[in-house]
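Structural overview for review
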Amino acid sequence: MFWKVALASALMLQGQPTDDASSGVYLSKTDGALLAQMCPRDWMPGKYDPCGAYLTGVIDGLAYGGFICIAEAVGFSQLAAMVHKHLWDHPEMWDHHVAGITLAALEPRFAYTK
């Protein structure tokens with residue numbers, strides 16, 4: 001699984017992060033430490049919360065990219081809660097990009113198979 005986490009992180013971070021509009025590239029610099037600030041230990045999925053909204057975008061990106069396959073019956077609140085639990089169970093990953101943390105949390109259950 002390590003190679004999949006590394007690949008997902010690499011794809012989310014292609015090239016050097018930049019805010020240069022002429023390059024057409026803007027990439028997130030969000031790591032687990034910043035996510036932990038947005039998603040405190042006592043977080044619960046709710047309406048209009050930044051933690052759930054951010055994780056929904058990351059999960060959508062991984063699913064669209066073919067890294068994970070989410071069943072229609074699974075809600076984003078459940079997925080975000082799974083990532084949140086993984087984040088707090090593995091603080092050693094806080095220096096990793098959020099895409100890698102999210103993939104590590106969801107890939108065991110929602111692996112994409114062709």
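Residues numbered from 1 in each chain as written. Predicted model: local features only at pLDDT ≥ 70, side-chain atom pairs only at ≥ 80, totals over all residues. Heavy atoms only, no water.

**Here's the deal with the overall build of the chain**
Of regular secondary structure, the chain possesses five helices and zero strands. Each helix and strand of the chain, placed in order from N terminus to C terminus, yields the pattern α-α-α-α-α. Counting only residues that meet the buried cut, the chain has 36% of its 114 residues in that class. Summarising the internal contacts of the chain: among those between residues at least 6 apart in sequence, 66% fall at separations of at least 24. (Helix = DSSP H or I, 4+ residues; strand = E, 2+ residues; numbered from the N terminus. Buried < 20%, exposed > 50% of the residue type's maximum accessible area, 1.4 Å probe, protein only. Contact = heavy atoms within 4.5 Å.)

**Topic: helix α3 (residues 50-64)**
An α-helical turn contains 3.6 residues, so a residue and the one three or four places further along point in the same direction. Taking 1.5 Å of rise per residue, 15 residues should cover 21 Å, and α3 covers 21 Å from first to last C-alpha, within 8% of that figure. Residues of α3 that are buried include every one of Cys51, Gly52, Leu55, Val58, Ile59 and Leu62, and no others. Taken around the axis of α3, the buried residues stretch over an arc of 130°, which confines them to a single face. For α3, exposure combined with an orientation more than 90 degrees from the buried face picks out Pro50, Ala53 and Tyr64. Taken from the residues just after α3, Gly66 is the one with a positive phi, measuring 85°. (Expected span 1.5 Å × (residues − 1). Arc of directions from axis to C-beta.)

**Some remarks on the state of the cysteines**
Disulfides are covalent bonds that link the sulfur atoms of two cysteine residues. Tallied over the entire structure, the rule returns one disulfide. Sulfur-sulfur distance for the disulfide between Cys39 and Cys51 comes to 1.9 Å. Here Cys39 and Cys51 share a disulfide; its torsion about the S-S bond, 105°, makes the bridge right-handed. Note that Cys39 is positioned in the loop between α2 (32-38) and α3 and Cys51 in helix α3, a separation of 12 residues in sequence. Each member of the pair, Cys39 together with Cys51, is buried. (Disulfide = S-S within 2.5 Å.)

**Structural notes on the packing of helix α4 (residues 76-89) against helix α5 (residues 98-110)**
Running from N to C, α4 and α5 point in directions that differ by 120°, and their axes come no closer than 9 Å. In terms of axis orientation, α4 runs oblique to α5. Where α4 crosses over α5, the handedness of that crossing is right-handed. For the pair formed by α4 and α5, the contact residues are Gln78, Leu79, Met82, Val83, His86 and Leu87 on the first element and Ile101, Thr102, Ala104, Ala105, Leu106, Arg109 and Phe110 on the second. Class assignment of the residues belonging to the contact of α4 with α5 gives a composition of nine nonpolar, three polar and one charged. (Axes fitted to C-alpha atoms, helices over the stretch in contact; angles between N-to-C directions. Parallel < 35°, antiparallel > 145°, perpendicular 65-115°, else oblique. Left-handed = near helix turned anticlockwise from the far one by under 90°. Nonpolar A, V, L, I, M, F, W, Y, C, P; charged D, E, K, R; others polar.)

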